Amino acid sequence: MNRPPYSIEDFQRHPAIAAGGAALKGDYIIRHFGAGELSECLPDAETPVRFEGLLMTFVRRGEIRITFEDREFTATDNSIFAIPPHITARIISRNTDETELTIAYLSREFLQILNFSIAAFSGPVVLEHSSPVCRATPEDAEILDKYFSLLARTALRSIYPRLTRHCASNLCVAMLYHCIEMFMRQLEVTIPSGAQTNQKTRNTHVREFIRLVHANFSRERSVSFYASALCVSPKYLSSMVKEATGRTAARWIDDYVVMEAKNLLRYSGKNVQQVAYTLNFPNQSAFGKYFKHLTGMSPTEFQKS
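The text that follows walks through the structure, step by step, so that each part is easy to find. (Residues numbered from 1 in each chain as written. Predicted model: local features only at pLDDT ≥ 70, side-chain atom pairs only at ≥ 80, totals over all residues. Heavy atoms only, no water.)

### Some details on the sheet that holds strand S4 (residues 64–68)
- Strand order in this open sheet of 3 strands is S5-S4-S7, and the pairing throughout is antiparallel. Across the chains shown, the open sheet's two edge strands, defined by having one partner strand only, are strand S5 (71–75) and strand S7 (90–93). The average angle at which neighbouring strand axes cross in this sheet is 20 degrees, direction not considered.
- Bridging between S4 and S7 involves 4 bridges; their strand directions are antiparallel. Looking across to S7, one finds that isoleucine 64 is bridged to serine 93. (Pairing = 2+ DSSP bridges. Helix = DSSP H or I, 4+ residues; strand = E, 2+ residues; numbered from the N terminus. Axes fitted to C-alpha atoms, helices over the stretch in contact; angles between N-to-C directions.)

Following this line, the structure appears as structure tokens:
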């Protein structure tokens, strides 16, 4: 794809988004689209798009299809989906006259100041056996409505820019972590519960493994650590995880570590050595070998890409 990723400036220049949108300078833009307003905003369905920042979409009513590299998902009434930075996607509405939604686009620069792990959000969103779409409960939908409304009002009432930015960044972090909780709850129920006692025990272990990886991936990368925490053997844990999710325990751990490494390399302002230490590698060389083995490029090459 030749077109550069969509930036916050692209959103602010788009007539259909700028009209009626609430923007905090180069940090974020929020726009609610009522029924019939969406047709002028969506990109050509045949053209894949990438976003420089994080795009969040709350579908209030109607239906949106999202394709991530040949995997298609559908967001319907009261669903939220997120497209992390630099993920190639297609976004299609079946009927724009009946679709109502709210978008929030957080710029790359704004993401850098958030005390938040993009990997924590991206992990459950883009892993092979997870959906980027999460159905909101009535309570979740009400909470999300309030977050979007507060962020829009904060942008429109920017009297003291520095204070406004602090307020907005903390609101965004709170909203993102609430969304993580929603995604993690959904991820739990997508793992089959099983009818037999042994199967229930196995799936309980798998759910707990995912929770442990989510909490510890930046410090612990060995399957044996998680197996020990669950009081099972590494071989048994890998077998359970593979059967339930289609990927090995080691692959789950590596995916979280690489996602966080990419986020830190691209958005944190840290150099390669600092990223290596942040992720608890013994040195820069060990981190470089690990990263290149899994991604095909060195951390420096990725940072410059």
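Right, picking up where we left off after that structure.
### A closer look at the environment of alanine 141
- You can see alanine 141 is positioned in helix H5 (residues 138–156).
- For the pair alanine 141 and serine 79, spaced 62 residues apart in sequence, the C-alpha to C-alpha distance is 8.3 Å.
- Not counting chain neighbours up to four residues away, the residues in contact with alanine 141 comprise Phe58, Asn78 and Ala136. (Contact = heavy atoms within 4.5 Å.)

### Observations regarding the nonpolar core
- In this structure, Phe209, Leu237 and Phe287 are the most contacted members of the largest nonpolar core, which totals 34 residues.
- At the level of secondary structure, the elements contributing two or more residues to this core comprise helix H6 (161–190), helix H7 (197–216), helix H8 (223–229), helix H9 (234–245), helix H10 (249–267), helix H11 (272–278) and helix H12 (284–295).
- The contact partners of leucine 237, leaving out residues within four places of it in the chain, are Phe209, Val223, Tyr226, Ala227, Leu230 and Val232.
- By size, the runner-up hydrophobic cluster in this structure holds 32 residues, among which are Leu106, Tyr147, Ala168 and Cys172. (Core = buried A, V, L, I, M, F, W, Y, C linked by side-chain atoms within 4.5 Å. Buried < 20%, exposed > 50% of the residue type's maximum accessible area, 1.4 Å probe, protein only.)

### Focus: the packing of aromatic side chains
- As enumerated under the stated definition, the model contains 13 aromatic pairs in all.
- Residues phenylalanine 58 and phenylalanine 148 carry aromatic rings whose centres are separated by 6.2 Å and whose planes lie at 15 degrees to one another, so their mutual orientation is stacked. In this pair, phenylalanine 58 is assigned in strand S3 (residues 54–61) and phenylalanine 148 in helix H5, connecting sequence segments 90 residues apart. Each of the two residues, phenylalanine 58 as well as phenylalanine 148, counts as buried.
- Aromatic pair phenylalanine 209 and tyrosine 226: ring centres 5.7 Å apart, planes at 80 degrees, arrangement edge-to-face. (Phe/Tyr/Trp six-rings, centres within 6.5 Å; stacked < 30°, edge-to-face > 60°.)

### Examining the side chain of arginine 65
- Among the structural elements, arginine 65 can be located in strand S4.
- Given the relative accessible area of 18%, arginine 65 is considered buried.
- Those residues in contact with arginine 65, other than ones at most four positions away along the chain, are Glu72, Phe73, Thr74, Arg90, Ile91, Ile92 and Arg94.

### Thoughts on the sheet that holds strand S2 (residues 28–33)
- In spatial order, the strands read S1-S2-S8-S3-S6-S9; together these 6 strands make up an open sheet with antiparallel pairing. Edge strands, defined here as strands with exactly one partner in the open sheet, are strand S1 (22–24) and strand S9 (133–135). Along the sheet, successive strands turn relative to each other by an average axial angle of 15 degrees, direction set aside.
- Judged from the 6 bridges that link them, S2 and strand S8 (residues 100–106) form a sheet pairing that is antiparallel. In the strand pairing of S8, isoleucine 29 is matched with tyrosine 105.

### A look at a nonpolar patch on the surface
- Among the surface-exposed residues, Ile159, Tyr160 and Leu163 lie close enough to one another that they form a single nonpolar patch of about 380 Å² accessible area.
- You can see tyrosine 160 is positioned in the loop between H5 and H6. (Patch = residues over 30% accessible without salt bridge, like charges linked within 9 Å, V, L, I, M, F, W, Y side chains within 5 Å. Areas by Shrake-Rupley, 256 points an atom, 1.4 Å probe, with all protein chains shown as cover. Salt bridge = Lys/Arg side-chain N within 4 Å of Asp/Glu carboxyl O.)

### Considerations on unusual backbone geometry
- Backbone geometry at asparagine 78 places phi at a positive 55 degrees, although glycine is not the residue there.
- By the element assignment, asparagine 78 lies in the loop between S5 and strand S6 (79–83).
- For asparagine 280, which is not glycine, the phi torsion reads 65 degrees and is therefore positive.
- Mapped onto the elements, asparagine 280 comes out in the loop between H11 and H12.

### What to know about the pairing of S6
- Across the 5 residues of S6, 5 count as buried, placing the element largely inside the fold.
- Residues Ser79, Phe81 and Ile83 line one face of S6 and the alternating positions Ile80 and Ala82 line the opposite face, and both faces are buried.
- By the bridge criterion, 5 bridges tie S3 to S6 in an arrangement that is antiparallel. The residue of S6 that forms the bridge with threonine 57 is phenylalanine 81.

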